[in-house]
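This is what each chain is made of:
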Amino acid sequence: MSFLIGLSSRFFLSSVRKVPRIPNLLNELPEVPLFRRRPSPSFRRAQRTRLVHSVAVSVEQPLRRVPRSDCGARRRFCFLAKESAMPTGKPFERLPETVRPKHYVLELVPDLKALNFDGNAAVQIEVVKPTNEIVLNAIDLEIKETTLKGADVLTPISTNFSVEDETVTFNFAKSISPGSYSLNMRFKGELNDKMKGLYRSKYQNQKGEERYAAVTQFEATDARRCFPCWDEPALKATFDITLTVPKDLVALSNMPVKQSKEEGDLIRYDFATTPIMSTYLVACVVGEYDYVEDKSTDGVQVRVYTPRGKKEQGLFALEVATKVLPYYKDYFNIAYPLPKIDLIAIADFSAGAMENWGLVTYRETCLLVDPQNTSAVQKQWIALVVGHELAHQWFGNLVTMEWWTHLWLNEGYASFVEYLCVDHLFPEYDIWTQFVNDTYIRALELDCLKNSHPIEVPVGHPSEIDEIFDDISYNKGASVIRMLHNYIGDEDFRKGMNLYLTKHQYKNTFTEDLWAALEEASNKPVGAVMSTWTKQMGFPVIKVTSRPDNNKGVVLTLSQSKYTADGSKPPEDFLWMIPVSIITSKQKNKTISTVLKTKEAEVVIPDVGPNDWIKVNPGTVGFYRTQYAPDLLAKFIPAIKDRSLPPLDRLGLLDDLFAMVQAGHTNTVEVLTLLEAFTDETDYTVWSSINNVLVKLNMLLSYTDCAEDFKTYQKRILSKIYKRLGWNPKATERHLDTLLRGLVLGRLSWLDDEDTIAEAKKRFEGHVNSSQTLPADLRSACYKTVLRAGGEDVYNTLLKLYRSVDLHEEKDRISRALGAAKDPEILSQVLKFAISEEVRAQDTVFVIISVAISRVGRDLAWRFFVDNWTLFNDRYKGFLLTRLVKFVAENFASEESAKEVEEFFKTHDISGTERTVQQAVETIRLNVAWLKRDTNAIKNYLTSN
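Residues numbered from 1 in each chain as written. Predicted model: local features only at pLDDT ≥ 70, side-chain atom pairs only at ≥ 80, totals over all residues. Heavy atoms only, no water.

Secondary structure assignment for the protein chain yields 28 helices and 30 strands. Over its C-alpha trace the protein chain gives a radius of gyration of 28 Å, about what one expects of a compact globule, namely 30 Å for 945 residues. The principal-axis extent of the C-alpha atoms belonging to the protein chain is close to 85 × 70 × 55 Å. Across the 945 residues of the protein chain, 66% fall into the buried class. Only carbon and sulfur atoms are counted for the fraction: they give 48% of the accessible area of the protein chain, which is about 32,900 Å². Side chains of the protein chain give 117 positive and 123 negative charges; the mean places of these two sets differ by 3 Å. (Helix = DSSP H or I, 4+ residues; strand = E, 2+ residues; numbered from the N terminus. Rg over C-alpha atoms; globule rule 2.2 N^0.38 Å. Buried < 20%, exposed > 50% of the residue type's maximum accessible area, 1.4 Å probe, protein only. Areas by Shrake-Rupley, 256 points an atom, 1.4 Å probe, with all protein chains shown as cover. Lys, Arg positive; Asp, Glu negative; His and termini not counted. Charge placed at Lys NZ, Arg CZ, Asp CG, Glu CD.)

In structure tokens form, the structure reads like this:
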């Protein structure tokens, strides 16, 4: 699933990637939109070891497989990770093992006027052990009739619902013997407006009339809101699905239509039997749609469904999808197993996309491309989302995690493979360089908190599951897979993927199954290395010092420790097995590789002159921070200025130093000084990292009296690149130059630069009166600039523009620019607008967050959130609520604010957001400590330079 999870300079998402697979929400918002404690293993205190370059260190620790009889137990959990501060899980037990589903015959009849649905489910079950009760999942359903058919027909003597456990129990008068039965249920439900289960999605048809579509969204645990079922990923079954709908509507499900039959004003569609699969992958859509279609080179029918009258907007996604399927077939060496794949744009959709097998659902903004009005960054994002969801057709659908603890197997892997795919299709995107900013760094920023969680996190109750659809499962998962791919090489990685998928197809797996396949393919200690990354929370920092070697080289000393956001020493010993690579300025193409498996080790680097730089973690592939001794760091400055150091290494140096600043290991002045070396920088991804630093510092310094001085500093840093790019696209410019222009103008939009304001006003006027249409890539920056410089008139003009367009992408672009206003009265109007009927519920959260970016807006957004808590808590559960909580709370910078946030959530129900609240409060206190340490030094630097 793709979440709008990360908000960087490019994305205002989160993942679903769900894709949306979410960039720093502190940044200006561009148009793209997402417990239990573990026992501690003992780690032996390692001895100092001297490692010789180019010799891979053997690992003595064998791959530890977790017996299925333990970790796979149905009614308890077993975990191997270190303890971490986690919210206490609700009491929870998985469904009993006495009954297993084999096949569902599911009939649904949605009523799009009464906004409800009728259903029948006949489930072929296998009773494994004698029992007088059958327990399965159901919530928000009225079960009207139930029978159990075997040799006899039995009727339950009682039916008991548990709202807390989301189950229904059918009790029978006598014990049911082991064997095969058919459990038949007739039920009724509501087409809800919560964007989960079988829900209603509102849209306007071509005549401007309000209509509803019926849509499913079942991941993680919402199939039970549509039909009674065994709603756990390991309880796979096959499905025969029937939809009975009005004649003028399209009906879709996972498989092609097998037959149809008119029944008065309705048509009954019977769909072909699905492969064996988990309930969360079942999908149905009923509504008014057009489509474009094609066949992939491997013979799969591909259709992209769009709102009626907009089928041309599906052509780009169709092109991507028809190329992705054969690419994955070749990469995995396994064909896509279904006869068709449909991609459909849904008006109301909480995540970014959902990988239902054979019927992938998307937000409109994550699928539709209008050639005149879609920005380059949005188009790139759509390619990634399509790649992500189609990767799931193999990794997640064909082979599925056994339980949500192993969610990262689905999401982390798909978040990695989407980049492989897009890099293959669109090499001009230079997408792997962008991966570091949009995925890798996002994961590091969250995982350094004390209230982070391991990749493999124990979850039980459904309310806990939504919280792990986050930057750890998606972005850290993808980052450690990328590190592993680099460690074993692409050939062995592909071989291991084929072994894994072939052995476990149509089954469920644990993380250890993946490691076993990759270990078999590569003959490297994959399990031993990678278990330190998935079962421990956090990541290491490698401290690098050097001394001369007698043979005209140097000896590097590498020491590892857990990196913590507050710079404190961890309460326990942590040890990672770290694949380490090293290059030098003389040997950029010759990599020295080893595995650091001890607390400290030495590596001999030959042929290093006194002015040569030595780069640990070239390409920023290893999931760790690097802290250089001052003399080693200083040698990079000339290579940054002349750009002889590769872009990913320039980026990595800056981001690692900034992390050391945040943790209090060095002063903020050090990073301000380093930024001066980047004034001639031309690379988009490096500027994305610079922008992230500027945005974070801008937020912090808004609480000081040097905010205006910092604006002046930012303008100076940006001046050369602004002059080079200007506002007008060049005919021969690269894709990344287009992205860079939008990034630079977006940053300047917050700095009230007079030249930028004058140009933005001129272009905005031409756009509004239709004399000169603004390129889509410039609109977000332009809207924010003129709104900050203007007042009520500009705000009303933007609202008029919002109401006049029907492209969801443009509506998002405008609504998320409104938070840039300076006037508190306008910002208050924006907040009211956010919860009005004019803004879809899925978009409300992001409009509110846009207000919370500025200091004045942050206070208003928090108060608005508090005053409307009941509304938000009733309307949202899961991803959207956690995003809202996170970004309206975490960017304050006073102890009073931290206490206020803590106290509010102590007295208000926060089921499913507990960890998010803890992370927000921790972040506020980190901001407090940062300002206390460095404010005076920053002020002195800004006033003297």
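It is worth spelling out the packing of aromatic side chains at this point. Taken as a whole and assessed by the stated rule, the structure comprises 51 aromatic pairs. Note that Lys 562 overlies the ring of Phe 574, its terminal NZ or CZ placed 5.4 Å from the centroid. Between the NZ or CZ atom of Lys 811 and the centre of the ring of Tyr 802, over which it lies, the distance is 4.2 Å. (Phe/Tyr/Trp six-rings, centres within 6.5 Å; stacked < 30°, edge-to-face > 60°. Lys NZ or Arg CZ within 6 Å of the ring centre and 35° of its normal.)

With that settled, consider helix 7 (residues 472-488). The periodicity of an α-helix, 3.6 residues per turn, causes residues three or four places apart in sequence to face the same way. In a regular helix each residue adds 1.5 Å, so 17 residues correspond to 24 Å; helix 7 covers 22 Å between its end C-alpha atoms and thus fits that length. Among the residues trailing helix 7, Gly 489 stands out with phi positive, at a value near 90°. (Expected span 1.5 Å × (residues − 1).)

Next up on the list: the packing of helix 5 (residues 431-447) against helix 7. Interhelical geometry of helix 5 versus helix 7 gives an angle of 120° and a closest axis separation of 8 Å. Classified by the interaxial angle, the pair formed by helix 5 and helix 7 is oblique. Crossing geometry of helix 5 relative to helix 7 is assigned as left-handed. Listed contacts from helix 7 to Trp 432, Phe 435, Val 436, Asp 438, Thr 439, Tyr 440, Arg 442, Ala 443, Leu 446 and Asp 447 of helix 5 are Ile 472, Asn 475, Lys 476, Ala 478, Ser 479 and Arg 482. Here the contact of helix 5 with helix 7 is built from residues that sort into eight nonpolar, three polar and five charged. (Axes fitted to C-alpha atoms, helices over the stretch in contact; angles between N-to-C directions. Parallel < 35°, antiparallel > 145°, perpendicular 65-115°, else oblique. Left-handed = near helix turned anticlockwise from the far one by under 90°. Contact = heavy atoms within 4.5 Å. Nonpolar A, V, L, I, M, F, W, Y, C, P; charged D, E, K, R; others polar.)

The predicted model of the protein chain averages 89 in pLDDT, with 91% of residues at 70 or higher. This stretch, residues 5-86, has a pLDDT under 50; its non-local contacts, to residues over four places away or in other chains, come to 387 contacts. (pLDDT = per-residue confidence, 0-100.)

Attention shifts here to the sheet that holds strand 19 (residues 340-346). With mixed pairing, five strands are arranged side by side in an open sheet as 17-18-19-21-20. If you trace the sheet from one side to the other, it starts and ends with strand 17 (289-295) and strand 20 (353-354), each paired once. (Pairing = 2+ DSSP bridges.)

One way to put it is that helix 24 (residues 855-867) packs onto helix 27 (residues 895-906) with a least axis distance of 12 Å and a crossing angle of 15°. Our classification of the angle between helix 24 and helix 27 gives roughly parallel. Where helix 24 crosses over helix 27, the handedness of that crossing is left-handed. Contacts between helix 24 and helix 27 involve Trp 862, Arg 863, Phe 865 and Val 866 from the former and Glu 900, Val 901, Phe 904 and Phe 905 from the latter. Within the contact of helix 24 with helix 27, the residues separate by chemical class into six nonpolar, no polar and two charged.

All right, on to the sheet that holds strand 8 (residues 167-176) then. Spatially, 4-8-7 is the arrangement adopted by the three strands of the open sheet, whose pairing is antiparallel. Single-partner strands in this sheet number two, and they are strand 4 (131-137) and strand 7 (158-162). Within the sheet, the average angular offset between the axes of one strand and its neighbour, ignoring direction, is 25°. Alignment of strand 4 against strand 8, held across six bridges, turns out to be antiparallel. Counted as the bridge partner of Thr 131 is Ile 176 from strand 8.

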